[in-house]
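Here is how the chains run, residue by residue.
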Amino acid sequence: MYGMLYESVQHYVQEEYGMEIWTKVCRIVDCKHNAFKTHQIYPDKLMPDIAAALSACTGQSFDFCMNFFGKCFVRFFSNFGYDKMIRSTGRYFCDFLQSIDNIHLIMRFTYPKMKSPSMQLTSMDDNGAVILYRSGRTGMSKYLIGQMTEVAREFYGLEIKAYVIESQNDITGGTAGPIKLTDGPLTVIVKYRLDFDNSEYMAKRVNTEAHPSQLKMPTVNMNVFLELFPFTFVLNHDMKITHAGEKIVETWIMHNPGANPKGFIGAHVMDLFYCRRPKDTTIDWDTLIQMRAVLFEFELIRTGHNRAAYDAVLNMDFENYDDMMLNEAQSLALEKAKEFSERDSSELDDGEGEIDPATGERRASQGLRSILLKGQMFYIKDVDSLIFLCSPLIENLDELHSIGLYLNDLNPHGLSRELVMAGWQHCSKLEMMFEKEEQRSDELEKSLELADSWKRQGDELLYSMIPRPIAERMRMGQEAVCQSFEEVSVIFIEVMNIYDSGSNNVQEAMQAVSTLNQVFSALDEEIISPFVYKVETVGMVYMAVSGAPDINPLHAEHACDLALRVIKKLKNHHEADVAIRVGINSGPVVAGVVGLKVPRYCLFGDTVNTASRMESSCDPWKIQLSHFTAMKVQEVGYKVESRGTVKVKGKGEMETYWLLEGPDDK
């Protein structure tokens, strides 16, 4: 069942009994759906399960709950505008009852997987009507009663009483389908009696007397009638075809080239056609007389274009048929038969391409598509026969050609030709819309790729300003609080001899900027995350840290490795007069993101100041370490040399060391 039915149940159970009851019902039936989607398919058994659970929670009977669900659906579909369609079926409730199957057919365009039941109005009187319900689902008979009573009350102002007269194969409380004790298909068949005031409808529609002018009209010749309706056929009490329109006979011959052209007239209708709607209907006189208000769909049975059929056509002696000439359909059949006989006989004898490897049987011929006729049965008193007034169901020109018909074969009156052309134009519009949607899809795909590219660039820019872990925490809405680190190593690298601050030469300043960019870019290439993080550049100074924001117990070793790598790299950089000096210190710091416009990850503490003093008091192409840092790296094999005491601004005399080489350089 489509989710729309369950949406109605959920909405009105919550409204009528409260959210607590609905939650309890869902828990009982183990329903995992918080909300139902209108166009999604859900299990059929969920409906009676919900009714049984609601019955247990409220004390109401199961039949009452199913009846309530039917009423809920009628109230709910008005939100989608379907109430207008119900009101448009006719002025009277019986008009609606006659149109139920047509409504289901129309709804299949919106809900293509809908397994709708079949319902026919079989009899009417002043006190009500009788309808016949056929379905492959069981347990839904009370649901239908709820729908009927609500439609009558809401749209026609009638209070009706509905009850079951007869029932076959129906099982209360389940929708899995009838239990099959035989091999044949079983269908739930329920006959309902609807009691309501139907006197006005009977007076105006059924018991109306013919106008005197109509009684004076002469009888119409049957041949004239069949010319007006070329796909019509007439049935006698034995359900045999006594008369037929020219086009339906030609179509039958075209689809059954091996059959006797005279075999159509006099044949039983079920030998030539298959009844598509109403489902599982017994085709006999008494049944059809009661179903004159029902729309029927008959599909023409065809033998297929196999060898035997074509051989029969080739061997057929049309000259022996009385007063019959070769018509268009017969000519087409003969032409196709000749083409068939001219094929390579060896291919047909081998059966390659016609044998299904899965079953070992010959595949059915594709050929022409079967024609589908839709219309209504009318009783003609003058000839005591039923006439099936119908037209072929054709949506567009492609389907017209696949059936083997042309536009001039269709009724000149009515809208058959216009509908086929409109369907073709509609297909053209759909193709144009599809092309536009494809174009939009391509544009959207390109936009998404561009958006992803911008996002990656934005992320790279953000991570260049703020460490990735900090940025991700800020994206999640967490506050950018400060973080303290017990021990990190701070590195300062100053680029020297690039620019004379006293010069006013613009060309020299631009050259200095270019050189500085090359040097800093070379330093960036040596930053290995997450062991070392670049903090910022200020003027000619490059600042980095190891041990923050990712805690690293080997921070001093990684800081020294970076310093040794950049010294070696820039010495080979071949930049004239350019030199660098490096200072490193280890200790505790506090770190955090500062600013809103251009946020930066900053370090604070005496450790940072001391590292800066190590750099500012260092010699070119040297790496100066504080005493604490030198002792840490010397223990693991780095070669350091005491420089002695150096006067450091704000610190006084400090013992410092030169870093000469790493443990792997010895």
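Residues numbered from 1 in each chain as written. Predicted model: local features only at pLDDT ≥ 70, side-chain atom pairs only at ≥ 80, totals over all residues. Heavy atoms only, no water.

- Per an unreviewed UniProt entry, the protein chain goes by the name guanylate cyclase and belongs to Drosophila rubida.
- Under Catalytic activity (unreviewed entry), UniProt gives the following word-for-word description of the protein chain: "GTP = 3',5'-cyclic GMP + diphosphate".
- As recorded by UniProt, the Sequence similarities (unreviewed entry) comment attached to the protein chain reads in full: "Belongs to the adenylyl cyclase class-4/guanylyl cyclase family." (UniProt positions renumbered as here; feature names shortened; annotations may be inferred.)

### Here we look at the confidence of the model for the protein chain
Reading predicted coordinates in detail is not appropriate for stretches of low pLDDT.
Now for step 1: Looking at the protein chain as a whole, the pLDDT averages 79, with 78% of positions reaching at least 70.
Now for step 2: The least confident element of the protein chain, judged by mean pLDDT, is helix H16 (residues 345–350) at 40; the most confident is strand S16 (residues 623–626) at 95.
Now for step 3: Taken as a whole, residues 175–182 scores under 50 in pLDDT and shows 19 contacts with residues more than four places along the chain or in a different chain.
Now for step 4: Taken as a whole, residues 343–367 scores under 50 in pLDDT and shows 20 contacts with residues more than four places along the chain or in a different chain. (pLDDT = per-residue confidence, 0-100. Helix = DSSP H or I, 4+ residues; strand = E, 2+ residues; numbered from the N terminus. Contact = heavy atoms within 4.5 Å.)

### Topic: the nonpolar core
Now for step 1: Counting 68 residues, the largest nonpolar core has Met47, Ile50, Phe69, Phe93, Phe96, Leu97 and Leu194 as the members making the most contacts within it.
Now for step 2: In terms of residues, this core owes the most to one element, helix H4 (residues 62–77), which gives ten residues.
Now for step 3: Val495, Ile527, Ala559 and Val566 belong to the second-largest nonpolar core, a separate cluster that totals 35 residues. (Core = buried A, V, L, I, M, F, W, Y, C linked by side-chain atoms within 4.5 Å. Buried < 20%, exposed > 50% of the residue type's maximum accessible area, 1.4 Å probe, protein only.)

### Examining H4
Now for step 1: Taking 1.5 Å as the rise per residue, H4 with 16 residues should run 22 Å; its terminal C-alpha atoms sit 23 Å apart, in good agreement.
Now for step 2: Taken across its 16 residues, H4 has twelve buried, putting it largely inside the fold.
Now for step 3: Of the residues making up H4, those classed as buried are Phe62, Cys65, Met66, Asn67, Phe68, Phe69, Gly70, Cys72, Phe73, Val74, Phe76 and Phe77.
Now for step 4: Where the residues of H4 are buried, they touch helix H1 (3–17), helix H3 (46–58), helix H5 (82–87) and helix H7 (141–156). (Expected span 1.5 Å × (residues − 1).)

### Describing the sheet that holds strand S7 (residues 273–277)
Now for step 1: Here six strands make up an open sheet; going across it, the order is S6-S5-S10-S9-S8-S7 and the pairing antiparallel. Strands with a single pairing partner mark the edges of an open sheet, and in this sheet they are strand S6 (241–244) and S7. Going across the sheet, the axis of each strand differs from the next one's by a mean of 35 degrees, ignoring polarity.
Now for step 2: Where strand S5 (residues 233–235) meets S6, three bridges bridge the pair, whose relative direction is antiparallel. Residue Val234 lies in a different strand from S6, and its bridge partner there is His243. (Pairing = 2+ DSSP bridges. Axes fitted to C-alpha atoms, helices over the stretch in contact; angles between N-to-C directions.)

### Considering the packing of H1 against H3
Now for step 1: It is the contact of H1 with H3, at a shortest axis distance of 11 Å, that shows an interaxial angle of 10 degrees. By the angle class used here, H1 and H3 are roughly parallel. Here H1 contributes Leu5, Tyr6, Val9, Val13 and Tyr17 to the contact with H3, which in turn contributes Leu46, Met47, Ile50, Leu54 and Thr58.
Now for step 2: The class makeup of the residues in the contact of H1 with H3 is nine nonpolar, one polar and no charged. (Parallel < 35°, antiparallel > 145°, perpendicular 65-115°, else oblique. Nonpolar A, V, L, I, M, F, W, Y, C, P; charged D, E, K, R; others polar.)

### Quick notes on the side chain of Gln10
Now for step 1: For Gln10, the position within the fold is in helix H1.
Now for step 2: Judged by relative accessible area, which is 12%, Gln10 ranks as buried.

### A word on the sheet that holds strand S2 (residues 128–135)
Now for step 1: Taken in spatial order, the four strands of this open sheet run S1-S2-S4-S3, and their pairing is antiparallel. Each edge of the sheet is formed by a strand with only one pairing partner; in this case those strands are strand S1 (118–125) and strand S3 (161–168). Between one strand axis and the next, the sheet turns through 20 degrees on average, direction left out of account.
Now for step 2: Sheet topology places S2 next to strand S4 (residues 188–195); eight bridges connect them, and they run antiparallel. Bridge pairing in S4 links Tyr133 to Val190.
Now for step 3: Packed onto the sheet, helix H6 (residues 93–107) meets S1, S2 and S4 and runs at close to 165 degrees relative to S1.

### So, a nonpolar patch on the surface
Now for step 1: A cluster of nonpolar side chains, Val220, Val224 and Leu228, forms an exposed patch at the surface whose accessible area comes to about 260 Å².
Now for step 2: Turning to its location among the elements, Val224 is positioned in helix H10 (residues 222–228). (Patch = residues over 30% accessible without salt bridge, like charges linked within 9 Å, V, L, I, M, F, W, Y side chains within 5 Å. Areas by Shrake-Rupley, 256 points an atom, 1.4 Å probe, with all protein chains shown as cover. Salt bridge = Lys/Arg side-chain N within 4 Å of Asp/Glu carboxyl O.)

### A few points about the environment of Cys482
Now for step 1: Tracing the chain through its elements places Cys482 in the loop between helix H19 (468–475) and strand S11 (483–496).
Now for step 2: As for Cys482 and Val590, which are separated by 108 residues in sequence, their C-alpha atoms are 6.8 Å apart.
Now for step 3: Setting aside anything within four residues of it in sequence, one finds Cys482 in contact with Val590, Ala591 and Gly592.

### Considering the pattern of salt bridges
Now for step 1: The full count for this structure, using the stated rule, is 20 salt bridges.
Now for step 2: Salt-bridge contacts for Asp125 lead to Arg193; the nearest nitrogen and oxygen are separated by 3.1 Å. Pair noted here: Asp125 is in strand S1 and Arg193 is in strand S4, with a separation of 68 residues, a long-range link.
Now for step 3: Among the residues examined, Arg193 registers a relative accessible area of 13% and is labelled buried.
Now for step 4: Two residues, Arg276 and Glu299, come together in a salt bridge whose shortest N-O distance is 3.3 Å. Of this pair, Arg276 sits in strand S7 while Glu299 sits in strand S8 (residues 295–300), and the two are 23 residues apart along the sequence.
Now for step 5: The network of salt bridges with common partners includes Arg75, Glu150, Arg153 and Glu154.

### Thoughts on unusual backbone geometry
Now for step 1: In this chain, Ala548 is followed by Pro549 through a cis amide linkage whose omega measures -5 degrees.
Now for step 2: Here Pro549 is to be found in the loop between strand S13 (541–546) and helix H21 (555–571).
Now for step 3: Phi at Asp384 takes a positive value of approximately 50 degrees, unusual for a residue other than glycine.
Now for step 4: Residue class for Asp384 comes out partly exposed when judged on its relative accessible area of 33%.

### A look at a negative patch on the surface
Now for step 1: Taken together, the side chains of Glu435, Glu438, Asp442, Glu443, Glu445, Glu449 and Asp452 define an acidic patch exposed on the protein surface.
Now for step 2: Summarising the element assignment, Asp452 is placed in helix H18 (residues 416–465). (Lys, Arg positive; Asp, Glu negative; His and termini not counted. Charge placed at Lys NZ, Arg CZ, Asp CG, Glu CD.)

### Details of the environment of Asp49
Now for step 1: Structurally, Asp49 can be placed in helix H3.
Now for step 2: Using a relative accessible area of 30% as the deciding quantity, one classes Asp49 as partly exposed.
Now for step 3: It is 9.7 Å that separates the C-alpha atoms of Asp49 and Phe62, two residues lying 13 residues apart in sequence.

### Some remarks on the packing of aromatic side chains
Now for step 1: In the structure shown here, the tally under the stated rule is 24 aromatic pairs.
Now for step 2: Look at Phe36 and Tyr42: their rings are 5.1 Å apart centre to centre, the planes differ by 80 degrees, and that puts the pair in the edge-to-face class. The exposure classification of Phe36 matches that of Tyr42, with both residues buried.
Now for step 3: Among the aromatic residues, those joined into a cluster by ring pairs are Phe233, Trp252, Phe264, Phe273, Phe296, Phe298 and Phe388.
Now for step 4: Over the aromatic face of Tyr12 sits the side chain of Arg75, whose NZ or CZ is 5.6 Å from the ring centroid. (Phe/Tyr/Trp six-rings, centres within 6.5 Å; stacked < 30°, edge-to-face > 60°. Lys NZ or Arg CZ within 6 Å of the ring centre and 35° of its normal.)

### Focus on the packing of H1 against helix H2 (residues 19–29)
Now for step 1: Between H1 and H2, the shortest axis-to-axis distance is 7 Å and the interhelical angle comes to 130 degrees. By the criterion of interaxial angle, the relationship of H1 to H2 is oblique. Counting all contacts with H1, which are made through Val9, Gln10, Val13, Gln14 and Tyr17, the residues of H2 involved are Met19, Ile21 and Trp22.
Now for step 2: Taken together, the residues of the contact of H1 with H2 break down into six nonpolar, two polar and no charged.

### Some remarks on the side chain of Gln147
Now for step 1: Residue position: Gln147 is located in helix H7.
Now for step 2: In this view, Gln147 contacts Gly70, Lys71, Phe73 and Val74; residues no more than four positions away in its chain are not counted.

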